[in-house]
Amino acid sequence: MKNPIKIFFLILFFFTSCSNEDNSTANIETSNKSAKRELIKESGYSLWLEIGILENGVPVLTADKNSLIEAVNKNHLEESGIHPMLENVSIDEIENSYYLTFLGPEVKVSFYVQKSSNNTLLAASGTSCKTTACSQEQLGCIPKYPNNPAGEPGIGICTPCANGGDCSKTVSGISLLE
């Protein structure tokens, strides 16, 4: 009877000591991400990231494409455990709204984009829609904000795929684009 009790306490000690190391690392990462979020809030937008401008009514991506692709691949892997393998990014105009659209061989990840008063384009970086079922559909699986403030985490919907396929929404308290 003494051996099972010793084993129990040994296992408990092992798990407790491992979780303390993970928490200290997580606290450092959370601290760094909180600092980024505060910088975004100072500009008047919560979790909005400047990604482009409008030039003569045409959206132009000014953010570094490779950095955006790397960040979205990494953050979606962390959030869902599935690597989206995105390869390209663009700003698309769909039905008088703008979207930051990432494409991979079989996946699409979209973020809502809003025009600021000085023609700067800001992406709602805390909420995205992802699909493998309708990645070639322009209107399928994109963020929409009917009757709600655009870009606020947790608010809004992902449009359904016309073919009835799956579309998943990712909501984060940190930017998925950094």
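Structure first, text after, so check above.
All values derive from a computational prediction rather than experimental measurement.

Conventions used here
- Residues numbered from 1 in each chain as written.
- Predicted model: local features only at pLDDT ≥ 70, side-chain atom pairs only at ≥ 80, totals over all residues.
- Heavy atoms only, no water.
- Disulfide = S-S within 2.5 Å.
- Helix = DSSP H or I, 4+ residues; strand = E, 2+ residues; numbered from the N terminus.
- Buried < 20%, exposed > 50% of the residue type's maximum accessible area, 1.4 Å probe, protein only.
- Pairing = 2+ DSSP bridges.
- Polar contact = N/O pair within 3.5 Å; in protein donor to acceptor, adjacent residues only side chain to side chain.
- Core = buried A, V, L, I, M, F, W, Y, C linked by side-chain atoms within 4.5 Å.
- Contact = heavy atoms within 4.5 Å.
- Salt bridge = Lys/Arg side-chain N within 4 Å of Asp/Glu carboxyl O.

Novice: Help me get a handle on the state of the cysteines, residues and values and all.
Specialist: Put plainly, a disulfide is one covalent bond tying together the sulfur atoms of two cysteines. Enumeration according to the criterion identifies three disulfides in this entry. Here Cys129 connects covalently by a disulfide to Cys158, the sulfurs 2.0 Å from one another. For the disulfide bridge between Cys129 and Cys158, the dihedral angle about the S-S bond is near -90°, and by the sign convention the bridge is left-handed. Remark: Cys158 occurs in strand E9 (residues 157-158) and Cys129 occurs in strand E7 (residues 127-131); sequence separation between them is 29 residues. Considered together, Cys129 and Cys158 belong to a single accessibility category, that of buried residues. Cys134 shares a disulfide with Cys161; S-S distance 2.0 Å. The S-S bond linking Cys134 to Cys161 shows a torsion near -55°; that makes this disulfide left-handed. Note that Cys134 is positioned in the loop between E7 and strand E8 (143-144) and Cys161 in the loop between E9 and strand E10 (168-171), a separation of 27 residues in sequence. According to the relative accessible area criterion, Cys134 is buried, its value standing at 3%.

Novice: Break down the pairing of strand E4 (residues 97-103) for me, citing the residues and quoting the values.
Specialist: Of all seven residues in E4, six are buried; the element is thus mostly enclosed. By the bridge criterion, seven bridges tie strand E3 (residues 88-94) to E4 in an arrangement that is antiparallel. In the strand pairing of E4, Asp92 is matched with Tyr99. Between the end of E3 and the start of E4, which pair antiparallel, lie two residues, with Glu95 showing a positive phi angle near 50°.

Novice: I'd like a description of the side chain of Ser172, backed by residues and values.
Specialist: Tracing the sequence through the fold places Ser172 in the segment after E10. Among the polar contacts listed, one links the side chain of Ser172 to the backbone nitrogen of Ile174, at a separation of 3.1 Å.

Novice: Please provide a residue-by-residue account of the side chain of His76, values included.
Specialist: With respect to the helices, strands and loops of the structure, His76 is situated in helix H2 (residues 65-80). Accessibility expressed as a relative area gives 0% for His76, which makes it buried. Here the side chain of His76 touches Ser128 through a polar contact of 2.9 Å, side chain to side chain.

Novice: Go over the nonpolar core, please, and point to the residues and values.
Specialist: Judged by nonpolar contacts, the single largest core of 20 residues is most densely connected at Ile51, Leu100, Phe102, Phe111 and Leu177. In this structure, Leu100 is in contact with Ile51, Leu61, Val89, Ser90, Ile91, Val109, Ser110, Phe111, Val113, Ala123 and Leu177, ignoring residues within four places of it in sequence. The next biggest cluster of nonpolar side chains, apart from the first, holds nine residues, and it includes Trp48, Tyr112, Ile142 and Ala150.

Novice: Help me get a handle on the pattern of salt bridges, residues and values and all.
Specialist: Throughout the structure, instances matching the rule amount to two salt bridges. In this structure, the salt-bridge partner of Lys74 is Glu78, at a minimum N-O distance of 3.3 Å. Taken as a pair, Lys74 and Glu78 lie in helix H2 at a separation of four residues, close to a single helical turn. Salt-bridge contacts for Lys144 lead to Glu95; the nearest nitrogen and oxygen are separated by 4.0 Å. Of the two residues, Lys144 is situated in strand E8 and Glu95 in the loop between E3 and E4; the sequence distance between them amounts to 49 residues.

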